[in-house]
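Below, each chain spelled out in residue letters.
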Amino acid sequence: METSSFDFGMIGLGVMGRNLLLNMADHGFSVIGFDKDLSKATSLESFASPGTTVKGVSTLSEMVKQLKRPRKIMMLVPAGPIVDYVINDLLPLVEENDIIIDGGNSHYTDTLNRIKFLEDKKIHFVGMGVSGGEHGARTGPSIMPGGDVEAWKELKQILEAISAKVNNEPCVAYMGKNAAGHYVKMVHNGIEYAIMQLISEVYDVLKRSMGLNNDELHEVFKKWNEGEMNSFLLEITSGIFLKKDDQSNKRLVDMILDKAGSKGTGKWTSQDAMNLPVPVPTIDMAVAMRDISVYKDERVNASTLYNPKIKPITKNKEKILQQLHDGLYAATILCYAQGLAMLHKASSELNMDISLKDVVRIWRGGCIIRSSLLEMFTTAFKKNSQLPNILLNKKVASLIKKKIPALRKIVSLSTASRIPAAGLASALSYFDAYCSENLPTNLIQAQRDYFGAHTYQRIDQEGNFHTEW
Ligand code: 6PG
């Protein structure tokens, strides 16, 4: 290989970085990678498919000088200050019009700052969400780039080649201006948190209340995944129940401590939703329930103190199974509704011009929240790209109308059984509030005016009013 002959460079050869790079090579691009962990750089080539052009190097400058111009350099390093360190290391090596891509889960405000910082130096900075995990990175992820359009035009060919495909359409598109790429990925993860929470609550009912064993749980989720509710998360859930633990004679799922980790994207979604403000209660609840899970010792103490007895469900099991299916289906739609409504609002509030129809289109494949529902949402946004909430689409409405009674049933059933179902209940309350012509918020306004002279609006006249209560 001559100097300046590589199409793409990667900084950070952890599994994600390495697999994305190898995916590019599989599609005919010549790629070069650097990692400060020398062993990762030297082993890179051994993972490459035969006939592909892949090179690992031990210094950043070696990598940069072998890239074609404008240079396309992506980093997949932990979000936070490390991204800035890498940018600073790159600065003396790159030149005008080069493109630096951050493919990690960075906070969008950091991305905004970095865009500004590099804009002055005439270097394009692209905040890009990548979803699909390690396997997706190698075989076809969903890719969410944002930032300046010039950079997108340069990257389009490579990104389209490596992305997942649905009906031959690549699961990558320009998400919008500024930090739109990372913003969309953040909300993707918020929705991911919410759906995972819902599935875990249904699992709880099935296991602790209905007494299903792991094989039965596998069968239930497998069947559900084969039907209208088909999704990646249901697919992996059904598989999880079969996995044997190699250190005991139990299933692995039963050996895993019930404390959830998180890297922050779900919390960021909630925080930013509150700033906008847009209600995303099921995402909020998903974050809160992961948080409560961490207080294991306190939960153990409290369970001794209150001694909760799970009420078993013994009758009408088939009927309840169907209700759990339909209720989960409705609640899942309500998670997407919240996340997409947030993107709609953020698009204008934060000046990102996010195209919702492209967002749902590229989420149909490759990403963690891919599901058959995304096809319906794509049609909805094609019909009306400015739809503020997918619940206002007629087709979605007719589906929700059919499934909501089941959600109502399973929320009351789980409450009666003492199974915590905060995610399911929040989704239902979101729905009930969103389609209530009247809310009790008139009373809140009266209270605010009573104690704080905050004023209120009237239903029969324009203006702001205050009363001496
Ligand atoms: C994806 C995932 C990915 C990652 C999450 C996990 O789309 O591929 O969302 O980005 O697995 O960040 O997040 P938590 O560790 O916060 O659950």
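Given the structure is predicted, the values throughout are model-derived calculations rather than measurements.

Engineer: Could you give me a rundown of the packing of helix α14 (residues 317-349) against helix α16 (residues 373-383), with the residues and numbers involved?
Structural biologist: Two elements in contact, α14 and α16, have axes separated by 12 Å at closest approach and are oriented at 45°. Taken together, α14 and α16 sit at an angle that is classed as oblique. For α14 against α16, the interelement crossing comes out right-handed. For the pair α14 and α16, the contacting residues are Y329, T332, I333, Y336 and L340 in the first and L373, L374, F377 and F381 in the second. Partitioning the contact of α14 with α16 into residue classes produces eight nonpolar, one polar and no charged.

Engineer: Tell me about unusual backbone geometry, residues and numbers included.
Structural biologist: For the bond running from R69 to P70, omega is -10°, close enough to zero to count as cis. As for its position among the elements, P70 is in the loop between α3 (60-65) and β4 (72-75). Following L276, the chain continues into P277 via a peptide bond in cis, with omega recorded as -10°. Unlike most non-glycine residues, K122 shows phi in positive territory, near 60°. Locating K122 in the fold gives a position in the loop between α5 (108-119) and β6 (124-131). Of note, N351 is a non-glycine position whose phi angle comes to about 55°, a positive value. Relative to the elements of secondary structure, N351 occurs in the loop between α14 and α15 (356-362). With relative accessibility at 43%, the residue N351 sits in the partly exposed group.

Engineer: Could you give me a rundown of the site of the ligand, with the residues and numbers involved?
Structural biologist: Close to the ligand lie 14 residues, the nearest being S131, K185, E192, Y193 and K263. Measuring from an oxygen atom of the ligand, one finds a backbone N or O atom of G133 at 3.4 Å. In the model, an oxygen atom of the ligand is placed 2.8 Å from a nitrogen or oxygen of the R290 side chain. Of the residues forming the shell around the ligand, the biggest block, five residues, is contributed by helix α8 (residues 180-209).

Engineer: Break down the domain arrangement of the protein for me, citing the residues and quoting the values.
Structural biologist: Considered domain by domain, the protein is made up of domain 1 (8-174), domain 2 (185-434) and domain 3 (442-469). Just the C-alpha atoms count here: the centres of domain 1 and domain 3 sit 54 Å apart.

Engineer: So what's going on with the layout of surface pockets? Residues and values would help.
Structural biologist: Counted as a void, the second largest pocket has a volume near 330 Å³. Around the second largest pocket, the lining is made up of 17 residues, and of these I11, K36, V77, I82 and V86 lie nearest the centre. Looking at the lining of the second largest pocket element by element, the count peaks at four residues for helix α4 (residues 81-90).

Engineer: Just give me the short version of the pairing of strand β2 (residues 31-34), but keep the residues and values in it.
Structural biologist: A regular strand places its side chains so that they alternate between the two faces of the sheet. Burial along β2 is two-sided: the residues V31 and G33 and I32 and F34 are all buried. Both strand β1 (residues 8-11) and β2 contribute to a ladder of four bridges, which runs parallel. By the bridge assignment, M10 is partnered in β2 with G33. Pairing of β2 with strand β3 (residues 54-57) involves four bridges; the strand directions are parallel. Bridging from a neighbouring strand, G33 pairs with G56 of β3. This β-α-β element, β2 to helix α2 (residues 38-43) to β3, shows right-handed connectivity.

Conventions and cut-offs
- Residues numbered from 1 in each chain as written.
- Predicted model: local features only at pLDDT ≥ 70, side-chain atom pairs only at ≥ 80, totals over all residues.
- Heavy atoms only, no water.
- Axes fitted to C-alpha atoms, helices over the stretch in contact; angles between N-to-C directions.
- Helix = DSSP H or I, 4+ residues; strand = E, 2+ residues; numbered from the N terminus.
- Parallel < 35°, antiparallel > 145°, perpendicular 65-115°, else oblique.
- Left-handed = near helix turned anticlockwise from the far one by under 90°.
- Contact = heavy atoms within 4.5 Å.
- Nonpolar A, V, L, I, M, F, W, Y, C, P; charged D, E, K, R; others polar.
- Buried < 20%, exposed > 50% of the residue type's maximum accessible area, 1.4 Å probe, protein only.
- Near = heavy atom within 4 Å.
- Polar contact = N/O pair within 3.5 Å; in protein donor to acceptor, adjacent residues only side chain to side chain.
- Domains from an automatic or database assignment.
- 1 Å grid on protein atoms, 1.4 Å probe; cavity = no way out; pocket = protein on both sides within 12 Å on 5 of 7 lines; lining within 4 Å.
- Points joined across faces, edges and corners; volume = space filled by probe spheres on them.
- Pairing = 2+ DSSP bridges.
- Right-handed = clockwise from strand over helix to strand, strands pointing away.

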